[in-house]
Amino acid sequence: FSIADRVVILNAGQVEQVGTPQAIYRRPASPFVARFLGFENLIPATGLGSTAETPLGSLPLPSPASGSLLLLLHPQFLRAGGQGPCSLFGTVARVTFRGAIHRVEIRVGGQHLRLDQPAAADLPIIGQQLTLSFDPLEAIQVFQL
């Protein structure tokens, strides 16, 4: 990704996505590409128009969808604490130092969500109750199944 100006992601010999590294990272074309890139915040959901029922509870969708969905919650758009249009409440399960960031894993409704916090931010403590805030328009990507 660091030296390419164009990337092709293959799945069993079939092209899944072609684009710039930035475009592929920001909007993976499929759950396979999202997993390939290391995204772990993939949540099963049932679309009900403007909202989706998930193991995390009801979440607003960035655009109407119905039926079986898989939602990607982009970790770079989730914020520990703070205020945002949407909030989830969970418990800190793991904190890992990664140089410029701390990778924080939070247990929400039986699911584990990962977010990346700047290393300069207050370090959450394992077992701490934490609010996650996010804007669904930027944080949620919908895959129709």
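Looking now at the pairing of strand β1 (residues 7-11). Each regular strand carries side chains that alternate between the two faces of the sheet. As paired strands, β1 and strand β2 (residues 14-19) are joined by five bridges and run antiparallel to one another. Across the sheet, Ile 9 pairs through a bridge with Gln 17, a residue of β2. Connecting β1 to the antiparallel partner β2 that follows it, the hairpin turn spans two residues, and Ala 12 within it adopts a positive phi of roughly 50°.

Here we take up the nonpolar core. If you look at the biggest cluster of nonpolar residues, it comprises 24 residues, and the most contacted ones within it are Leu 56, Leu 71, Leu 73, Leu 88, Leu 113 and Phe 134. Only β3 (42-54), β4 (57-73), β6 (86-97), β7 (101-108), β8 (111-118) and β9 (129-134) provide two or more residues apiece to this core. In terms of residues, this core owes the most to one element, β4, which gives six residues. Not counting residues up to four positions away in its chain, the partners in contact with Leu 113 are Asn 41, Ile 43, Leu 56, Leu 73, Leu 88, Val 104, Glu 105, Ile 106, Val 108 and Leu 132. Among the nonpolar cores identified, the runner-up in size contains six residues, and Phe 39, Leu 42, Leu 70 and Phe 143 belong to it.

Right, let's talk about the sheet that holds strand β5 (residues 79-80) for a bit. Strand order in the open sheet formed by five strands is β5-β9-β6-β7-β8, and the pairing between neighbours is antiparallel. At either margin of the open sheet sits one strand with a lone partner, and together these are β5 and β8. As judged from the six bridges shared by β6 and β9, these two strands associate in the antiparallel manner. Of the residues in β9, the one forming a bridge with Gly 90 is Leu 130.

Scanning the entire structure with this criterion turns up two aromatic pairs. Look at Tyr 25 and Phe 39: their rings are 5.1 Å apart centre to centre, the planes differ by 45°, and that puts the pair in the tilted class. Of this pair, Tyr 25 sits in helix α1 (residues 21-26) while Phe 39 sits in the loop between α2 (31-36) and β3, and the two are 14 residues apart along the sequence. We classify Phe 39 as buried; its relative accessible area is 4%. Taken together, a centroid distance of 6.3 Å and an interplanar angle of 25° make the contact between Phe 32 and Phe 36 stacked. One end of the pair is Phe 32 and the other is Phe 36, both in helix α2 and four residues apart, which spans about a single turn. We classify Phe 32 as partly exposed; its relative accessible area is 30%.

Right, let's get into the pattern of salt bridges. Under the counting rule described, the total for this entry stands at two salt bridges. A salt bridge links Arg 114 to Glu 40, with the shortest nitrogen-to-oxygen separation between them at 3.6 Å. Here Arg 114 is found in strand β8, whereas its partner Glu 40 is found in the loop between α2 and β3, with 74 residues between them in sequence. Where Arg 103 meets Asp 116, a salt bridge forms, and the shortest distance between an N and an O atom there is 2.9 Å. Pair noted here: Arg 103 is in strand β7 and Asp 116 is in strand β8, with a separation of 13 residues, a long-range link. For the pair Arg 103 and Asp 116, one class covers both residues: buried.

Conventions we followed
Residues numbered from 1 in each chain as written. Predicted model: local features only at pLDDT ≥ 70, side-chain atom pairs only at ≥ 80, totals over all residues. Heavy atoms only, no water. Pairing = 2+ DSSP bridges. Helix = DSSP H or I, 4+ residues; strand = E, 2+ residues; numbered from the N terminus. Core = buried A, V, L, I, M, F, W, Y, C linked by side-chain atoms within 4.5 Å. Buried < 20%, exposed > 50% of the residue type's maximum accessible area, 1.4 Å probe, protein only. Contact = heavy atoms within 4.5 Å. Phe/Tyr/Trp six-rings, centres within 6.5 Å; stacked < 30°, edge-to-face > 60°. Salt bridge = Lys/Arg side-chain N within 4 Å of Asp/Glu carboxyl O.

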